[in-house]
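What the coordinates show
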Amino acid sequence: MTVLRLGTRKSLMAMTQSQLVADALSERTGHAVELVGVTTEGDVSKALLAQIGGTGVFVNALRDTLLGGEVDFAVHSLKDLPTGPAEGIALAATPRRDDPRDALCGPVKLADLPTGARIGTGSPRRVAQLRALRPDLNVVPIRGNADTRLRKVTDGELDAVVLAYAGLKRIDRLEAVAEIFEPDQMLPAPGQGSLALECRADRADLRELLGTVDDRATRAAVTAERTVLAVLEAGCSAPVGAYAAEVEQKLHLTAAVVAHDGSRQVRLSASGHLDEAEQLGRDLAARLLGQGADQLMGERLEPQ
Ligand SMILES: NCc1[nH]cc(CCC(=O)O)c1CC(=O)O
């Protein structure tokens, strides 16, 4: 029985989700799994994600260790994976998705925050949707890991922060959640709450082993969501949300592009067969573009 080496970021969130994958794989395949911590550019740089380019900063170092043969597979938050193909690398599995929703963390619900309250988030998607819900709030750009962000609320520097519910659950900080946003209030990021297992494309043996933890409905959902993002040629610095789920054996997809100031949005839904997830995403993206999504994405906020 060979030991599988799992490459992971070293944050508590990453280590926790990687350990969950390791346990599931061991149970299904009988192989022991050893975690190997890797530092990525996203863990080192203090710049805002939107400024350092966003795509790939948490992922590239892990992919390098895969290609260099230092680890057998890597576990990423799927949300952090760029949509483009990576040379020599295969997406071997997307395990069953965790809760995809965003959560408001702080002492009170969104409606109970006073005018001018400071809400921290570095994500243009969350900024735009927060502005649509509460134009009177003061959205403050922040970054850092979830613990650092939550501390800004307990320290009184901010009144609230928005984080992914799934991540808060993994680091055991659900007590900080004041409100969970339904997708019709705040559409999640493509892939939010899901994980991605990557290995070298030429390792058919590993692809088969890792495939034992793949979840078909999750894969279809995240394929549709990420195709929307890819066709819009948007990255994590664009105000784009997309969420798909299986309901009664059909895949239901909703995607939205929101103006940076939250004043307007294009939001559309479609449904189709699970095996046609990519086409579903492609068609919905084309309809979004037909209704002015590219113009909304291109607009920048007036300096305040
Ligand atoms: N960009 C950082 C990141 N990548 C994945 C998650 C949360 C967990 C997930 O979506 O699977 C987070 C933090 C956050 O958005 O709150």
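Residues numbered from 1 in each chain as written. Predicted model: local features only at pLDDT ≥ 70, side-chain atom pairs only at ≥ 80, totals over all residues. Heavy atoms only, no water.

1. Points about the overall build of the protein
The secondary structure content of the protein amounts to 10 helices and 13 strands. By the compact-globule yardstick of 19 Å for 304 residues, the protein fits well, its C-alpha radius of gyration being 19 Å. If you line up the protein on its principal axes, its C-alpha atoms span 60 × 45 × 35 Å. The buried share of the protein, reckoned over its 304 residues, is 50%. Pairs at least 24 residues apart make up 70% of the contacts formed inside the protein by residues separated by at least 6 positions. Of the accessible surface of the protein, which amounts to about 13900 Å², a share of 48% is contributed by carbon and sulfur atoms. Between the averaged position of the 35 positive side-chain charges in the protein and that of its 42 negative side-chain charges there is a distance of 2 Å. (Helix = DSSP H or I, 4+ residues; strand = E, 2+ residues; numbered from the N terminus. Rg over C-alpha atoms; globule rule 2.2 N^0.38 Å. Buried < 20%, exposed > 50% of the residue type's maximum accessible area, 1.4 Å probe, protein only. Contact = heavy atoms within 4.5 Å. Areas by Shrake-Rupley, 256 points an atom, 1.4 Å probe, with all protein chains shown as cover. Lys, Arg positive; Asp, Glu negative; His and termini not counted. Charge placed at Lys NZ, Arg CZ, Asp CG, Glu CD.)

2. Quick notes on the sheet that holds strand β6 (residues 118-120)
If you walk across this open sheet you meet the five strands as β7-β6-β8-β5-β9, and the pairing is mixed. In the strand order of this sheet, the two ends are held by β7 (138-140) and β9 (177-180), each with one partner. Taking the axes of each pair of neighbouring strands and ignoring which way they run, one obtains an average angle of 30° across the sheet. Where β6 lies against strand β8 (residues 160-164), two bridges are found, and the strand directions are parallel. Counterpart to I119 in the pairing with β8 is A160. Taken strand by strand, helix α4 (residues 124-133) contacts β5 (102-105), β6, β7 and β8, and its axis lies near 125° from that of β8. Its contacts with the sheet place helix α5 (residues 146-154) against β5 and β8, and it is angled at close to 155° to β8. (Pairing = 2+ DSSP bridges. Axes fitted to C-alpha atoms, helices over the stretch in contact; angles between N-to-C directions.)

3. Structural notes on unusual backbone geometry
What is expected of a backbone is that most residues other than glycine have negative phi and most peptide bonds are trans. With phi around 60°, D172 is a residue other than glycine that occupies positive phi space. Mapped onto the elements of the fold, D172 is located in the loop between α6 (165-170) and β9.

4. Looking at the environment of A244
Following the sequence through the fold, A244 ends up in strand β11 (residues 240-247). Owing to a relative accessible area of 2%, A244 belongs among the buried residues under this scheme. Taking the C-alpha atoms as reference points, A244 and S18, 226 residues apart in sequence, are found 24 Å from one another. Excluding residues that lie within four positions of it along the chain, A244 makes contacts with R97, A221, A224, E225, L251, H252 and L253.

5. Digging into α4
Most of α4 is tucked away, with eight of its 10 residues classed as buried. When α4 is considered as a whole, its buried residues turn out to be P124, R125, R126, V127, A128, Q129, L130 and R131. Tucked into the core, α4 has its buried residues touching β5, β6, β7, β8, β11 and β12 (250-258).

6. Looking at the domain arrangement of the protein
Segmentation of the protein into domains returns domain 1 (4-95 + 194-214), domain 2 (102-180) and domain 3 (229-298). Each of domain 1 and domain 2 was reduced to a C-alpha centroid, and the two centroids are 27 Å apart. (Domains from an automatic or database assignment.)

7. Examining the pattern of salt bridges
Counted according to the given criterion, the structure contains 18 salt bridges. Among the salt bridges present, the one from E175 reaches R173, with a minimum N-O distance of 3.0 Å. Of the residues examined, R173 reaches a relative accessible area of 23% and is grouped as partly exposed. Across the pair R216 and D275 runs a salt bridge whose closest N-O atoms are separated by 3.2 Å. With R216 in helix α8 (residues 216-231) and D275 in the loop between β13 (265-273) and α9 (277-290), this residue pair connects regions lying 59 residues apart in the sequence. D275 gets classed as exposed once you look at its relative accessible area, which sits at 58%. Each of D99, R101 and E182 takes part in a single network of salt bridges with overlapping partners. (Salt bridge = Lys/Arg side-chain N within 4 Å of Asp/Glu carboxyl O.)

8. Topic: the nonpolar core
For soluble globular proteins, nonpolar side chains are generally found buried alongside one another. Counting residues in hydrophobic clusters, the biggest one holds 27 residues, and the most contacted among them are L232, V240, L251 and L288. Secondary structure elements with two or more residues in this core: α8, β11, β12, β13, α9 and α10 (293-298). Apart from the residues within four sequence positions on either side, L288 is in contact with V228, L232, A255, V266, R267, L268 and A293. (Core = buried A, V, L, I, M, F, W, Y, C linked by side-chain atoms within 4.5 Å.)

9. Structural notes on the side chain of T65
Residue position: T65 is located in helix α3 (residues 60-67). One polar contact links the side chain of T65 to the main-chain carbonyl oxygen of L62, over a distance of 2.7 Å. Residues within four places of T65 in sequence aside, it is in contact with V38, E70 and V71. (Polar contact = N/O pair within 3.5 Å; in protein donor to acceptor, adjacent residues only side chain to side chain.)

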